[in-house]
Amino acid sequence: MSEIKIAAQTRSEFGKGAARRIRRDNKVPGVLYGHGSDPIHLTLPGHELLLALRTPNVLIALDIDGESNELAIPKSVQRDAIKGHLEHVDLQLVTRGEKVNVEIYVHTEGELAPGGNLLEHVLNALPVEAEATHIPESATVSVQGLTAGDSILAKDIPLPAGTKLGVDGDTVVLQILAAQAEEATEEGAEGDEAAEA
């Protein structure tokens, strides 16, 4: 995973008014915390941060006031519910070699067995532990030929070297369900026939 460099400034103004002024300048208020140190309140460039956050679990190299360089990963991102622009970001301080707990997306490949089977994501993201500078963006698992009643457990999902599961290996991540719509229609038709008799 590559690092994305972002220049940030420390901020001393707080509250809604200060946050609005920051956002009017196309910047985003944020907080950097971790390793037992005091939180550092930051102002980050909005466009650069938005581009960086398109990568899941992105590693951000912060240049703070041109004086210190810190590595961080996003932990919480608040967006405007209507316009979608960034409102605030919480960043967690990390160091090279440090293990961090994150969630990665699980992508599927292949086709389910014929017969109207449905794929259900029991977990939308898989909790894992990985080295801060080698966090995988996602994991891919095959669902080729699976049929109703089959499931994929956390331990069945191949992970990159150095990445460990953050949940029990027997946790169900994906399961295959039988399509319900046709059965409901048939039951409805039988009920209509009984009513007519």
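Predicted model, so just to flag it, every value in this text is computed and none were measured.

Section: the overall build of the chain
When its secondary structure is counted, the chain shows 3 helices and 13 strands. For the chain, the spread of C-alpha atoms along the principal axes amounts to about 80 × 40 × 25 Å. Every one of the 197 residues in the chain was classed for burial, and the buried ones make up 35%. Partitioning the contacts of the chain with sequence separation of at least 6, the portion at a separation of at least 24 is 64%. For the chain, the accessible area works out to roughly 11,600 Å², and carbon and sulfur atoms hold 48% of it. Between the centroid of the 16 positive side chains of the chain and the centroid of its 32 negative side chains there is a distance of 17 Å.

Things to note about the environment of G30
Relative to the elements of secondary structure, G30 occurs in strand 2 (residues 27-34). Residues G30 and H41, 11 residues apart in the sequence, show an inter-C-alpha distance of 5.9 Å. With sequence-adjacent residues up to four places away left out, G30 is seen in contact with R11, I40, H41, L42, L44, H88 and V89.

Things to note about the side chain of R11
Examined against the element boundaries, R11 turns out to sit in the loop between strand 1 (3-10) and helix 1 (16-24). Of note is the side chain of R11, whose polar atom sits 2.8 Å from the backbone oxygen of L42. Setting aside residues up to four positions removed in sequence, R11 forms contacts with I22, P29, G30, V31, H41, L42, T43 and H88.

Let's talk about the environment of Q92
Mapped onto the elements of the fold, Q92 is located in strand 6 (residues 86-94). Each C-alpha atom, one on Q92 and one on Q78, is 15 Å from the other, the two residues being 14 residues apart in sequence. Once you skip the residues sitting within four places of it in the chain, Q92 turns out to touch L32, Y33, L71, A72, I73 and K75.

Focus: the sheet that holds strand 2
Spatial strand order, 1-3-2-6-5-4: 6 strands in a closed barrel with mixed pairing. Between one strand axis and the next, the sheet turns through 45 degrees on average, direction left out of account. Looking at chain direction, strand 4 (residues 59-64) and strand 5 (residues 68-79) are connected through 5 bridges and run antiparallel. Paired with L62 across the strands is E70, a residue of strand 5. Most of the contacts of helix 1 go to strand 2, to which it runs at about 120 degrees, and overall it touches strand 2, strand 3 (37-45) and strand 6.

The rules behind the values
Residues numbered from 1 in each chain as written. Predicted model: local features only at pLDDT ≥ 70, side-chain atom pairs only at ≥ 80, totals over all residues. Heavy atoms only, no water. Helix = DSSP H or I, 4+ residues; strand = E, 2+ residues; numbered from the N terminus. Buried < 20%, exposed > 50% of the residue type's maximum accessible area, 1.4 Å probe, protein only. Contact = heavy atoms within 4.5 Å. Areas by Shrake-Rupley, 256 points an atom, 1.4 Å probe, with all protein chains shown as cover. Lys, Arg positive; Asp, Glu negative; His and termini not counted. Charge placed at Lys NZ, Arg CZ, Asp CG, Glu CD. Polar contact = N/O pair within 3.5 Å; in protein donor to acceptor, adjacent residues only side chain to side chain. Pairing = 2+ DSSP bridges. Axes fitted to C-alpha atoms, helices over the stretch in contact; angles between N-to-C directions.

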